[in-house]
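# Architecture at a glance
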Amino acid sequence: MSFPKGFYWGGATAANQCEGAWNVDGRGPALTDVTTGGSVKEPRYVTYIDKDGNPQKMPSMGAKLPEGAKYAVLDDCYYPNQDGIDFYHRYKEDIALFAEMGFNMFRMSISWSRLYPQGDELEPNPKGIEFYRNVFKECKKYNIEPLVTIHHFDTPLYLEEHYGGWKNRKLIEFYDRFAKTCFTEYKGLVKYWLTFNEINNTVMFLDMFGNKATDQMYQEAYQHLHYQFVASAHAVKMAHEIDPDYVVGCMICGITFYPATCDPADILLNRHTWEKGIYYCGDVQCKGKYPTFAKRLWAEHDVHLDITEQDLIDLKEGTVDLYTFSYYMSTVVTTHEVTDKVSGNFSAGARNPYLEYSDWGWALDPKGLRYYLEKIYDRYELPMMVVENGLGAYDTLEEDGTIHDPYRIDYMRKHIQDMELAIEDGVDLIAYTPWGCIDLVSAGTGEMRKRYGFIYVDKDDAGNGTFDRYRKDSFYWYKKVIASNGADLD
Ligand code: P53
């Protein structure tokens, strides 16, 4: 068997999607708290009061607050992230369930606005600090190693509203302070850190969905990324200074792209899609400098960036120790007319006739995971972690409290087999933390019924339910997988 001894088996969550308690113990709001629920067809909306005092909503993808408007919680809307799955109050029960499955790693994130409610304060909120300390101690009790994402889709709302979010260089300073607080407060309790979740989404998804993004949108997206790269590099440097044992990784949304035909134009487009979507961020964070193709990407959209000499030094000095990524699907690109298109949320391009698709239009492609692992390992030769993977699916809670999810087991079994083949091929893969190990709020659609967990949470899309936890069939299956270090996948 080729899973190395000490391989990390676990699961992954994010604060904004599971904690709830959005306004408890001094926590400030994040953008996700003013984002409504949607579905595979209906977008999520961000709500606000316009300059004339009227309640309004705008699609959350690419949302830009109009002049004079203020983000607002509206009475007739439901905001699924505000109560999440109430991990804030139930973390002991949840971590005990993770331990029962045999987890030796738990990926979670720290809500920035729980530590810094506005984001620009000089001192953190003690109640926020205490919460995560308790969570980490609970993990330690069961020998579960936390894998902590510092920023996972939840910039404090105040920073969005008053500073314009990541288009403002000031955000680097605020992030630095937040990250430093994490590294100093949790020294001895945490070893593995990730700087920004799916940092590449900003550019990768920009014009994947029909609407061609404007040059102005590209300008902002690349600038936003540059500031995050610098913040990430600062974090890596600080982490190593504060504790030489800290291991810090990047986190990339990993999508495997294939050309639809052998037309050289498709092959070239495919290469350029990898560059723009995947390598651009990975290269900066792993190699410490912009790749040669960056100039072409910027020129395509007349992008001119604010990059200082010091930034370039910082990028060089703050390269990550580890490459981590999420993997759910592959996508097909082509220069030819597409007659059979995939339509789902966050899935785009031509339908791949060799693959099956989830109810949300995501291509099920375990070989694509192996392909991604081998391609990326070859490029950076850094240890790798698959920190998200899984099948979002409808589950049924039976009368007797059981949940039969053979589709999920099947999906994971195949992905684990392909990870194993990649390891045999020499990839230094050290961890697997499938997404939403406990059901939580979907990032893309805000739904509860798009479930990923081994643990079912009794909450529906409107927020009704007991929030009780139930073990799915996949719970017992994954427990066996972990106990056998990946040998028993039946
Ligand atoms: P949901 C799009 C494509 C791939 C991964 O996604 C993505 C997204 C954004 O939705 O996000 C990651 O909940 C992300 C998680 C998210 C998970 O994938 O839309 O890091 O926060 O929940 C699954 O099904």
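Note that the structure is a prediction, hence the values are computed from the model and not measured. The residue numbering used here restarts from 1 in each chain and proceeds along that chain's sequence as written. Whole-chain, interface and lining totals are the exception, using all residues; otherwise, since this is a predicted model, local features are given only for residues with pLDDT of at least 70 and side-chain atom pairs are given and counted only at 80 or more. Based on all heavy atoms of the structure, the side-chain values leave hydrogens and waters out of the count.

Turning our attention to the overall build of the protein chain. Runs of H or I in DSSP of at least four residues are treated as helices and runs of E of at least two as strands, each being numbered from the N terminus. Of regular secondary structure, the protein chain possesses 15 helices and 15 strands. For a compact globule of 490 residues, the expected C-alpha radius of gyration is about 23 Å, and the protein chain comes in at 21 Å, within 12% of that figure. Principal-axis analysis of the C-alpha atoms places the extent of the protein chain at approximately 55 × 55 × 50 Å. When accessible area is computed with a 1.4 Å probe and restricted to protein chains, residues below 20% of their type maximum are described as buried, those above 50% as exposed, and intermediate ones as partly exposed. Burial status across the protein chain gives 58% buried among its 490 residues. For the protein chain, the share of sequence-separated contacts (at least 6 apart) that also reach a separation of at least 24 residues comes to 74%. Counting every atom, the protein chain has about 19,500 Å² of accessible surface; 50% of that belongs to carbon and sulfur. Each radius of gyration reported is based on C-alpha atoms, and the globular scaling rule is 2.2 Å times the count of residues to the power 0.38. The contact criterion used is simple: two residues touch if any of their non-hydrogen atoms lie within 4.5 Å. In this description, accessible areas are obtained by the Shrake-Rupley approach with a 1.4 Å probe, and a residue is regarded as covered only by the protein chains that are shown.

With that settled, consider the side chain of Ser-109. Counting through the fold element by element, Ser-109 comes out in strand 5 (residues 105-109). By relative accessible area, Ser-109 is classed as buried at 1%. Other than its neighbours up to four places away in sequence, Ser-109 contacts Thr-13, Ala-14, Ala-15, Glu-19, Tyr-132, Thr-149 and His-152.

The next thing to look at is the environment of Gly-453. If you trace the backbone, Gly-453 turns up in the loop between strand 13 (429-432) and strand 14 (455-457). What makes Gly-453 buried here is its relative accessible area of 0%. Beyond its immediate sequence surroundings of up to four residues, Gly-453 is in contact with Asp-405, Arg-408, Gly-436, Cys-437, Ile-438, Asp-439, Lys-472 and Ser-474.

Those residues of helix 15 (residues 473-483) lying buried are Ser-474, Phe-475, Trp-477, Tyr-478, Val-481 and Ile-482. Along the axis of helix 15, the buried positions cluster into a sector of 165°, meaning they face one direction only. As for helix 15, its buried residues are in contact with strand 1 (8-12), helix 3 (87-101), helix 14 (406-424), strand 13, strand 14 and strand 15 (469-471). By definition, the arc is the one covered by directions from the helix axis to the C-beta atoms.

Grouped together as the largest cluster of nonpolar side chains are 137 residues, with contacts concentrated most on Tyr-186, Trp-193, Tyr-280 and Tyr-323. Residue contributions to this core peak at 14 residues, all from helix 9 (residues 215-242). The contacts of Tyr-186, once residues within four sequence positions are left out, are Ile-110, Leu-115, Gly-128, Ile-129, Tyr-132, Arg-133, Phe-136, Trp-193 and Tyr-246. Counting 11 residues, the second-largest nonpolar core is a separate cluster that includes Leu-147, Val-247, Leu-322 and Val-387. Only buried residues count toward a nonpolar core, which is a set of Ala, Val, Leu, Ile, Met, Phe, Trp, Tyr and Cys residues joined through side-chain atoms within 4.5 Å.

Taken in spatial order, the three strands line up as 3-2-4 in an open sheet, and their pairing is antiparallel. Strands at the two margins of the open sheet, each flanked by one partner only, are strand 3 (55-59) and strand 4 (70-71). In the sheet, strand 2 (residues 45-49) pairs with strand 3 via five bridges, with the strands oriented antiparallel. Pairing of Val-46 across the sheet is with Met-58, part of strand 3. Strand pairing is defined by DSSP finding a minimum of two bridges between the two strands.

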